[in-house]
Amino acid sequence: MCGRRALIAALVLLFGTFGARASEMRARTFSPEGLAKVSDYIRNEIATGKIPGAILLLQQHGKPVYYESFGVRDVATELAMSSDTIFRLYSMSKAITSVMAMMLVEEGRLSIDDPVSKYIPAFADMKVGVEKKGEDGKVTLTLEPLARPVTIKDLLRHTSGLPYGYYGGGAVRELYAQANLFHADLSNADFVAKIATLPLVEQPGTMWDYGYSTDVLGRVVEVISGKTLLQFEKERLLDPLGMTETAFYVADPKNFLRIAEPMPDDRLVNPTTPVRDPRRPVKWQSGGGGMVGTIGDYARFAQMLLNRGTYDGRRYLKPETIALMASDHIGPETKIARDQNYYPGVTSGFGLGFAVRTAVPPGTSWPLGEYRWDGVGGTFFFIDPEDDLFGIFMVQTPSQRGRIQLALKTLIYQAMGR
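Just so we're clear, the structure is a prediction, and the values are computed from it rather than from any experiment.

(A) Examining the overall build of the protein chain more closely. If you tally the helices and strands in the protein chain, you get 12 helices and 17 strands. On C-alpha atoms alone, the protein chain measures out to a radius of gyration of 22 Å, which is about the 22 Å that the 2.2 N^0.38 rule sets for 418 residues. Along the three orthogonal principal directions, the C-alpha set of the protein chain runs to about 70 × 65 × 45 Å. Counting only residues that meet the buried cut, the protein chain has 52% of its 418 residues in that class. Put simply, 69% of the contacts in the protein chain that link residues at least 6 apart link residues at least 24 apart. Accessible surface, the protein chain: about 18,100 Å² in total, of which carbon and sulfur atoms supply 56%. A gap of 4 Å separates the mean positions of the 47 positive and 46 negative side-chain charges of the protein chain.

This is how it looks when you write it as structure tokens:
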């Protein structure tokens with residue numbers, strides 16, 4: 001029996017290795033002409049005054065195939081954009097927090113089916129806010145009980161009913177806006193205690209609704225690990241990977257000039273919220289949007305994901321865990337609706353921390369299974385297992401981010417003949 005198991009294991013290893021090599025042989029390559037168009041596009045964005053500068057890295061088969069810095073970090077200082085430039089990552093923090101949670105899942109200390117109230121008891125008493133119009137035509141907000149508990153999976157896939165509150169309208173979102181959570185600078189424990197006093201905007205598991213889910217997940221990680229989110233991240237991921245520049249603010253004044261800034265008239269992430277100042281120490285370790293870092297740091301993280309959980313001989317997650325995270329968890333079979341601003345777009349679902357490509361966009365041959373996310377400051381990354389490729393674009397431009405991301409992704413894949 002043992003011999004049979006050993007044979008099966010050897011065959012799995014053999015065919016797994018063969019499959020990886022075959023995939024590498026099939027993977028498309030970039031044309032110099034196509035990459036030149038990518039460069040021209042970014043240079044034009046700078047020349048026309050839309051962005052101060054940017055960095056783009058495309059890495060295939062573990063090696064950079066394109067790595068260019070453009071323009072300046074800040075038009076005020078005119079210091080050149082460089083590999084050590086520090087960017088506000090905003091929602092690219094969510095992928096890191098999600099990985100931390102899945103490490104705890106692998107260790108059996110957390111289950112994605114657990115109710116959040118197991119770790120944050122106040123969540124057991126949460127209600128759903130429902131607007132009802134009376135006979136007099138006035139709309140009142142009533143609170144209804146949960147049809148089922150909010151789960152860890154809801155936090156990972158944004159189906160918890162926790163909104164951001166700065167878009168969409170309605171009485172519940174207005175309550176979130178009035179709570180001023182973005183500016184409160186509370187500890188994660190106090191932040192979650194405050195959010196637990198607010199109603200959910202819909203029943204858990206019924207709608208993909210982008211919001212504070214990953215921030216709550218960060219607090220769950222703290223409760224289980226007994227450490228602050230950053231302490232646990234540094235111990236288990238950041239320090240081992242060599243992500244030494246990734247944190248929740250820039251602590252050393254000597255590094256302040258390394259911080260990338262948007263154009264002077266492009267400093268609002270929404271109508272009421274300016275880009276945050278990463279020079280200012282903060283208590284809130286926002287797992288959903290608080291991190292800063294460099295392109296080199298995030299490249300190590302992206303390569304680990306592309307490697308299905310390993311980097312430089314060390315395993316961080318199992319391949320099956322990465323596969324689970326990069327699978328669609330809000331597909332038609334779940335009957336989960338999508339909010340009016342469904343950011344992944346019509347050709348993508350959402351996994352446990354990332355958008356996941358589930359259909360090929362018209363007029364392209366973009367790969368299925370590509371997964372990705374971005375930040376409100378303009379940064380974005382994508383992982384493309386089919387082409388053994390990842391890409392990271394670092395820029396600070398809240399107002400231009402969506403337009404630039406789509407244009408760049410199109411040019412990048414056109415350079416591969418996709």
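(B) The arrangement of the side chain of arginine 372 in detail. Relative to the assigned elements, arginine 372 resides in strand 15 (residues 371-374). Judged by relative accessible area, arginine 372 falls into the buried class, the value being 8%. Within the structure, arginine 372 has its side chain in polar contact with the backbone oxygen of proline 344 (distance 3.1 Å).

(C) Quick look at the pattern of salt bridges. By the definition in use, this model includes 27 salt bridges. Among the salt bridges present, the one from arginine 88 reaches glutamate 261, with a minimum N-O distance of 2.8 Å. You can see arginine 88 sitting in strand 3 (residues 87-88) and its partner glutamate 261 sitting in the loop between helix 9 (229-241) and strand 7 (268-270), a full 173 residues away along the chain. The exposure classification of arginine 88 matches that of glutamate 261, with both residues buried. Between arginine 157 and aspartate 154 there is a salt bridge, with the nearest N and O atoms lying 3.5 Å from each other. Taken together, the positions of arginine 157 and aspartate 154, both in helix 4 (residues 152-157) and three residues apart, correspond to about one turn of that helix. The pair arginine 157 / aspartate 154 is uniform in exposure class, with both members buried. It is possible to trace a salt-bridge network through shared partners that takes in Arg88, Glu261, Arg267, Asp277 and Arg279.

(D) Molecular detail of the layout of surface pockets. Empty space within the largest pocket amounts to approximately 1,200 Å³. Take the lining of the largest pocket: its biggest share by element is five residues, from helix 12 (residues 401-414). When the residues that make up the lining of the largest pocket are grouped by side-chain class, the tally is 21 nonpolar, 13 polar and 11 charged.

(E) How the structure looks around a nonpolar patch on the surface. A surface patch of nonpolar side chains, amounting to about 260 Å² of accessible area, comprises Tyr166, Phe182 and Tyr343. Along the polypeptide, phenylalanine 182 turns up in helix 6 (residues 181-184). The class for phenylalanine 182 is partly exposed, based on a relative accessible area of 34%.

(F) Layout of the environment of glycine 402. Note that glycine 402 resides in helix 12. Classification of glycine 402 by relative accessible area gives partly exposed; the value is 47%. Separated by 28 residues in the primary sequence, glycine 402 and aspartate 374 have C-alpha atoms spaced 9.5 Å apart.

(G) View of helix 5 (residues 171-179). What helix 5 keeps buried is the set Val172, Arg173, Tyr176 and Ala179. Buried residues of helix 5 fall within an arc of 115° about the axis and therefore sit on the same side. Packed against the buried residues of helix 5 are strand 4 (127-133), strand 5 (139-145), helix 6 and helix 7 (188-195). Asparagine 180 sits one or two positions beyond helix 5 and adopts a positive phi of about 60°.

(H) Helix 2 (residues 32-47), seen in detail. Helix length check: helix 2 (16 residues) gives 22 Å between terminal C-alpha atoms against 22 Å at 1.5 Å per residue, within 8%. When we look at burial in helix 2, the residues that qualify are Gly34, Leu35, Val38, Ser39, Tyr41, Ile42 and Glu45. Angularly, the buried residues of helix 2 cover 155° about the axis, an arc narrow enough to put them on a single face. In helix 2, the exposed positions that point more than 90 degrees away from the buried face belong to Pro32, Glu33, Lys37 and Ala47. On its buried face, helix 2 sits against strand 1 (53-60), strand 2 (63-71), strand 17 (389-394) and helix 12. Of the residues trailing helix 2, glycine 49 is marked for its positive phi of about 75°.

Parameters at a glance
- Residues numbered from 1 in each chain as written.
- Predicted model: local features only at pLDDT ≥ 70, side-chain atom pairs only at ≥ 80, totals over all residues.
- Heavy atoms only, no water.
- Helix = DSSP H or I, 4+ residues; strand = E, 2+ residues; numbered from the N terminus.
- Rg over C-alpha atoms; globule rule 2.2 N^0.38 Å.
- Buried < 20%, exposed > 50% of the residue type's maximum accessible area, 1.4 Å probe, protein only.
- Contact = heavy atoms within 4.5 Å.
- Areas by Shrake-Rupley, 256 points an atom, 1.4 Å probe, with all protein chains shown as cover.
- Lys, Arg positive; Asp, Glu negative; His and termini not counted.
- Charge placed at Lys NZ, Arg CZ, Asp CG, Glu CD.
- Polar contact = N/O pair within 3.5 Å; in protein donor to acceptor, adjacent residues only side chain to side chain.
- Salt bridge = Lys/Arg side-chain N within 4 Å of Asp/Glu carboxyl O.
- 1 Å grid on protein atoms, 1.4 Å probe; cavity = no way out; pocket = protein on both sides within 12 Å on 5 of 7 lines; lining within 4 Å.
- Points joined across faces, edges and corners; volume = space filled by probe spheres on them.
- Nonpolar A, V, L, I, M, F, W, Y, C, P; charged D, E, K, R; others polar.
- Patch = residues over 30% accessible without salt bridge, like charges linked within 9 Å, V, L, I, M, F, W, Y side chains within 5 Å.
- Arc of directions from axis to C-beta.
- Expected span 1.5 Å × (residues − 1).

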